[in-house]
Structure formats: structure tokens, C-alpha cells
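# Structural overview
Residues per chain, in single letters:
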Amino acid sequence: MLPFFTNPYPDELLFSAIARYHFYSGNIDCKDTLEELFGSRSVIPSVEIGSHFSILAEKLGFHYSIENLLANHTIYPYYAMFLSKERQLEILQDVAEDGQGLYTRLGMVAGSICRKEGLYY
């Protein structure tokens, strides 16, 4: 378990909370932060949803669960209302593990809507 984590603000994306943790932890290399949070230097955090939540929730302690992180700190709720219960359970399993196939299940890969580059605020 981590000695501290910067609690995500209401409706804040997990990606942003991880970036803030990186800043306050004093880590110079982003890979060190990834290893602390996910137990691996090769995890690629995602702005939209993400993966490896089971490891992250374990490291963050009992205040966090996979379901809570997914529902409150990702864009998943905007997709969930259009998904069947079966598909929602599959996505929950995807984010808990390595996330392979996650964006295909959500329809983001096949979608024709253009994505913007970078983050906006």
C-alpha cells in the first residue's frame, strides 16, 4: 500500500490524479511513478479509461475499488448507458486486468468521430 495518494477531486479523471501524484511524490522519472502505482514500468496510463485497476486499487487501499475508480474517475459513465449489462461486466473485467480489447468493446476503435490531440481545459 502506498504511504499517500492525492485523492481525486469529484469528477476528476484518474489520469489527472496520477499526474498530480507524480508531481507531489517527487519522482523525476514517470516510470518510477508507474511502478509505484501499477507495479510495472510498462503500463501506459490512458486519459479516457485505463487498465490494471485491480493493482492500482490494491496499492491505494480500502478507500478505492475498481468499480469506484471506473465510475467516478473515467469517461466510462458516458458509454455505460449505451451498453448491455453483459458488455458492462466485460469492460469491468478489462479495466481490472490488462485492458486488451477494451476500446474495441466500447466502440472507440470503429467509431468515425475524430479525436482531438492533447488535453484541453
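Residues numbered from 1 in each chain as written. Predicted model: local features only at pLDDT ≥ 70, side-chain atom pairs only at ≥ 80, totals over all residues. Heavy atoms only, no water.

Before going further, it helps to spend a moment on the overall build of the chain. Within the chain, the regular secondary structure consists of 7 helices and 0 strands. Taken over 121 residues, the chain has a buried fraction of 37%. Contacts in the chain between residues far apart in sequence, at least 24 positions, make up 46% of those at least 6 positions apart. Counting every atom, the chain has about 8,000 Å² of accessible surface; 58% of that belongs to carbon and sulfur. (Helix = DSSP H or I, 4+ residues; strand = E, 2+ residues; numbered from the N terminus. Buried < 20%, exposed > 50% of the residue type's maximum accessible area, 1.4 Å probe, protein only. Contact = heavy atoms within 4.5 Å. Areas by Shrake-Rupley, 256 points an atom, 1.4 Å probe, with all protein chains shown as cover.)

In this structure, Phe 5 and Leu 37 are the most contacted members of the largest nonpolar core, which totals 27 residues. With residues up to four places along the chain from it excluded, the contact list for Leu 37 reads Leu 2, Phe 5, Ile 18, Tyr 21, Ile 55, Leu 56 and Lys 59. (Core = buried A, V, L, I, M, F, W, Y, C linked by side-chain atoms within 4.5 Å.)

What follows is about the packing of helix 1 (residues 14-25) against helix 2 (residues 30-38). Across the interface, helix 1 lies against helix 2 with an axial gap of 10 Å and an inter-helix angle of 110°. Our classification of the angle between helix 1 and helix 2 gives roughly perpendicular. Relative to helix 2, helix 1 is oriented so that their crossing is right-handed. In contact with Ile 18, Tyr 21, His 22 and Ser 25 of helix 1, helix 2 contributes Cys 30, Thr 33, Glu 36, Leu 37 and Phe 38. Residue classes in the contact of helix 1 with helix 2 are distributed as 5 nonpolar, 3 polar and 1 charged. (Axes fitted to C-alpha atoms, helices over the stretch in contact; angles between N-to-C directions. Parallel < 35°, antiparallel > 145°, perpendicular 65-115°, else oblique. Left-handed = near helix turned anticlockwise from the far one by under 90°. Nonpolar A, V, L, I, M, F, W, Y, C, P; charged D, E, K, R; others polar.)

A few words now on helix 6 (residues 85-96). Here helix 6 spans 17 Å end to end across 12 residues, near enough to the 16 Å set by a 1.5 Å rise per residue. Burial in helix 6 covers these residues: Gln 88, Ile 91, Asp 94, Val 95 and Ala 96. (Expected span 1.5 Å × (residues − 1).)

Scanning the model with the defined rule gives 5 salt bridges in all. Notably, a salt bridge pairs Glu 12 with Arg 20, separated by 2.6 Å at the nearest N-O pair. Using a relative accessible area of 10% as the deciding quantity, one classes Glu 12 as buried. Its relative accessible area of 15% is what places Arg 20 among the buried residues. Between Asp 29 and Arg 41 there is a salt bridge, with its nearest N and O atoms 3.4 Å apart. Pair noted here: Asp 29 is in the loop between helix 1 and helix 2 and Arg 41 is in the loop between helix 2 and helix 3 (53-60), with a separation of 12 residues, a long-range link. Owing to a relative accessible area of 34%, Asp 29 belongs among the partly exposed residues under this scheme. (Salt bridge = Lys/Arg side-chain N within 4 Å of Asp/Glu carboxyl O.)

Further remarks concern the environment of Leu 2. Assignment of secondary structure puts Leu 2 in the segment before helix 1. Owing to a relative accessible area of 14%, Leu 2 belongs among the buried residues under this scheme. For the pair Leu 2 and Leu 56, spaced 54 residues apart in sequence, the C-alpha separation works out to 9.9 Å. With sequence-adjacent residues up to four places away left out, Leu 2 is seen in contact with Tyr 21, Glu 36, Leu 37, Lys 59 and Leu 60.

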